[in-house]
Amino acid sequence: VVGVMAMFSRTQISQITLNALEPVATTIALGIARRRLERQRDEFLSAAAHDLKTPLTSIRGLVQLLQRRARPGGVVPAEQVAGNLEQIVRSTGKMSGLIDELLDISRRDSNEPITLHPAPTDLVRLARDVAADCQRSTRQHKVCLETAETELIGNWDASRLERAIGNLVTNAIKYSPGGGDVTITVQREGEWAALTVSDNGIGIPPADVARIFERFQRAGNVPARIVGTGIGLNYVRDVVEEHGGQVTADSEQDRGSTFTMRLPLAASEEKR
Amino acid sequence: MTGIMVLESEEAGFAFQPPSLESSHGLEFEDIADGPAATLRERDASRLPTTARVLVVDDEEEIRSFLEQALQDEGFVVDTAANGQEALALAGENRPGLVVLDIMLPDLSGGEVADHLRAQYNADLPILVITADTGAEGKAQRAGAFAYLHKPFDLDKLIKLVHQGLYS
């Protein structure tokens, strides 16, 4: 149901009239649904453009900064130059990660499965890398990893999993605009590896939790100025399910959210 | 109309020239904008305070970081803020000579930050807006910016505009 068409008449409306009106209602409904899709697509494109522009801005800015520093008489502290170059590499990595994610999503649209490249992967190490990388992007948040495991190895697609965990952590940061703790935990639960990401941000209204992993669905309490594509969590679910795992959301509005992904420790071999 | 558009180029971005600026200083905005940054620096060096303070407000660390370095290379004292609240707190401690402001912040809108800053100090605090939003001209004008640049912007141009905003 996309809407209700109302008709008012002084006399009783005959069944014939109602039957005749049905195609009209259907046409209107299709129109509304199409308009809604178009709006979602527009919002998605503008958010994706926004997300790509950030690393692009920093790459351009850093290259120009280095050009200025390389001018005759320019200031060139060697360790700063090394830091600038490192950041350029990180920003290009961020951009290509985002592009890969978009390609995976579009592959999913044409009903092609994501082709995983599983290899022995340490979840603790992935989580630690993501935590360090995300911590670099904020100083109002404290991103920390809590785990009793020194390593937790499964047969997983490392780069996709890293992006999925990255999406959870960047969401935790993004949706706690007042700052605060972002905690990642990793633990073994029998034959499963469980990773959680918790924040004390704006949370998700109860009615929206169930559909939060759907494409283009964003929680109703997100302020307009927090830009998002609405594909991040959808990508997390795709990647985790493709690995034979599950992802769940647990949230309380204004208190924060906890996302949990469970990955089979040995299933990849069993699947073969 | 709140200002006169005086700078337009192949880059996305414009400069507004508030009429008051034009009458009180009689500046040659276009000349400055088109001249090389080095000339501008030399020309202004003698009559300028050496430690002009620039406040950079952007929620992305990677952008704050290179802007901070580039502006420090120019000899400015640079404060950086990741959101509107932080910007207002920093501006409260030390009055900035100019603010480079991303108008899409996670807590306050750029317009709100600009209004607060002006209330705190006065109307002639120059604000240079940077934005990833291609339709942001109106927002930049409403924030009272003297110029705005679209991301990914030209760093040389940003630095020229900072000099203009501070010293013209």
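1. Re the overall build of chain A
Check the secondary structure of chain A and you find 7 helices and 7 strands. Against the compact-globule benchmark of 19 Å for 272 residues, chain A has a radius of gyration of 23 Å, which places it well outside the compact range. Dimensions of chain A, computed from C-alpha atoms along their principal axes, come out at roughly 85 × 55 × 40 Å. Every one of the 272 residues in chain A was classed for burial, and the buried ones make up 41%. Residue pairs at least 24 apart in sequence account for 70% of intrachain contacts in chain A once pairs closer than 6 positions are excluded. Accessible surface, chain A: about 14,800 Å² in total, of which carbon and sulfur atoms supply 54%.

2. So, the interface of chain A and chain B
The interface is formed by 28 residues belonging to chain A together with 34 residues belonging to chain B. In this assembly, chain A packs against chain B so that about 2,700 Å² is buried in total across both faces, 48% of it on carbon and sulfur atoms. Sorting the residues of chain A by area buried against chain B places Arg 68, Arg 139 and Arg 225 of chain A first, and these three jointly supply 25% of that buried surface. Where chain A touches chain B, the interface holds 7 salt bridges. Here Arg 139 of chain A makes a salt bridge to Glu 86 of chain B, at a shortest N to O gap of 2.9 Å.

3. Details of the state of the cysteines
Applying the stated criterion across every chain yields a total of 0 disulfides over all chains. You can see Cys 134 of chain A has no disulfide; the closest cysteine sulfur is in Cys 144 of chain A, sitting 13 Å from it.

4. Some thoughts on the sheet that holds strand S6 (residues 246–252) of chain A
Where strands meet in a sheet, backbone hydrogen bonds hold them as pairs that are either parallel or antiparallel. Residues and elements named next belong to chain A. Pairing in this open sheet of 5 strands is mixed, and the strands run S2-S4-S5-S7-S6 from one edge to the other. Looking along the sheet, the strands with just one partner apiece sit at the ends: strand S2 (141–147) and S6. Across the sheet, the mean angle separating the axes of adjacent strands is 15 degrees when strand polarity is ignored. As paired elements, strand S5 (residues 192–199) and strand S7 (residues 256–264) share 7 bridges and run antiparallel to each other.

5. Here's the deal with the packing of aromatic side chains
Under the criterion given, the structure shown has 4 aromatic pairs over all chains. The aromatic ring of Phe 216 of chain A is capped on one face by Arg 215 of chain A, whose charged end is 6.0 Å from the ring centroid.

6. So, the environment of Arg 188 of chain A
Residues and elements named next belong to chain A. Following the sequence through the fold, Arg 188 ends up in strand S4 (residues 180–189). Relative accessible area serves as the criterion here: at 47%, Arg 188 is assigned to the partly exposed category. Between the C-alpha atoms of Arg 188 and Gly 220, which are 32 residues apart in sequence, the distance is 34 Å. Setting aside its immediate chain neighbours within four residues, Arg 188 contacts Glu 149, Leu 152 and Leu 265. In terms of polar contacts, Arg 188 uses its side chain to reach the backbone carbonyl oxygen of Gly 190, at 3.4 Å.

7. Thoughts on helix H2 (residues 78–109) of chain A
With 32 residues, H2 of chain A should cover 46 Å at 1.5 Å per step; its first-to-last C-alpha distance of 47 Å lies within 8% of that length. All of the buried residues in H2 of chain A are Val 81, Asn 84, Gln 87, Ile 88, Ser 91, Met 95, Gly 97, Glu 101, Asp 104 and Ile 105 of chain A. Taken together, the buried residues of H2 of chain A touch helix H1 (15–70), helix H4 (158–174) and helix H6 (232–242) of chain A together with helix H4 (61–73) of chain B. In the segment just after H2 of chain A, Asn 111 of chain A is the residue with positive phi, at about 60 degrees.

8. Side note on unusual backbone geometry
With omega at -5 degrees, the peptide bond leading from Lys 151 of chain B into Pro 152 of chain B counts as cis. Within the element layout of this structure, Pro 152 of chain B appears in the loop between strand S7 (147–150) and helix H8 (155–167). Phi angles above zero are rare outside glycine, and Asp 254 of chain A is one such case at about 70 degrees.

9. What to know about the confidence of the model for chain B
Residue and element names in this part refer to chain B. Of all residues in chain B, 70% attain a pLDDT of 70 or more, and the chain-wide mean is 76. Here residues 1–12 is modelled with pLDDT under 50, and outside its nearest four sequence neighbours on either side it reaches 31 contacts, counting other chains as well. Between residues 17–48, whose pLDDT stays under 50, and residues either more than four places distant or in other chains, the model counts 44 contacts. With a pTM of 0.77, the predicted complex shows an ipTM of 0.78.

Here is what the cut-offs are and how they apply
- Residues numbered from 1 in each chain as written.
- Chains lettered and ligands numbered in written order.
- Predicted model: local features only at pLDDT ≥ 70, side-chain atom pairs only at ≥ 80, totals over all residues.
- Heavy atoms only, no water.
- Helix = DSSP H or I, 4+ residues; strand = E, 2+ residues; numbered from the N terminus.
- Rg over C-alpha atoms; globule rule 2.2 N^0.38 Å.
- Buried < 20%, exposed > 50% of the residue type's maximum accessible area, 1.4 Å probe, protein only.
- Contact = heavy atoms within 4.5 Å.
- Areas by Shrake-Rupley, 256 points an atom, 1.4 Å probe, with all protein chains shown as cover.
- Buried area = accessible area lost by both parts, 1.4 Å probe.
- Salt bridge = Lys/Arg side-chain N within 4 Å of Asp/Glu carboxyl O.
- Disulfide = S-S within 2.5 Å.
- Pairing = 2+ DSSP bridges.
- Axes fitted to C-alpha atoms, helices over the stretch in contact; angles between N-to-C directions.
- Phe/Tyr/Trp six-rings, centres within 6.5 Å; stacked < 30°, edge-to-face > 60°.
- Lys NZ or Arg CZ within 6 Å of the ring centre and 35° of its normal.
- Polar contact = N/O pair within 3.5 Å; in protein donor to acceptor, adjacent residues only side chain to side chain.
- Expected span 1.5 Å × (residues − 1).
- pLDDT = per-residue confidence, 0-100.

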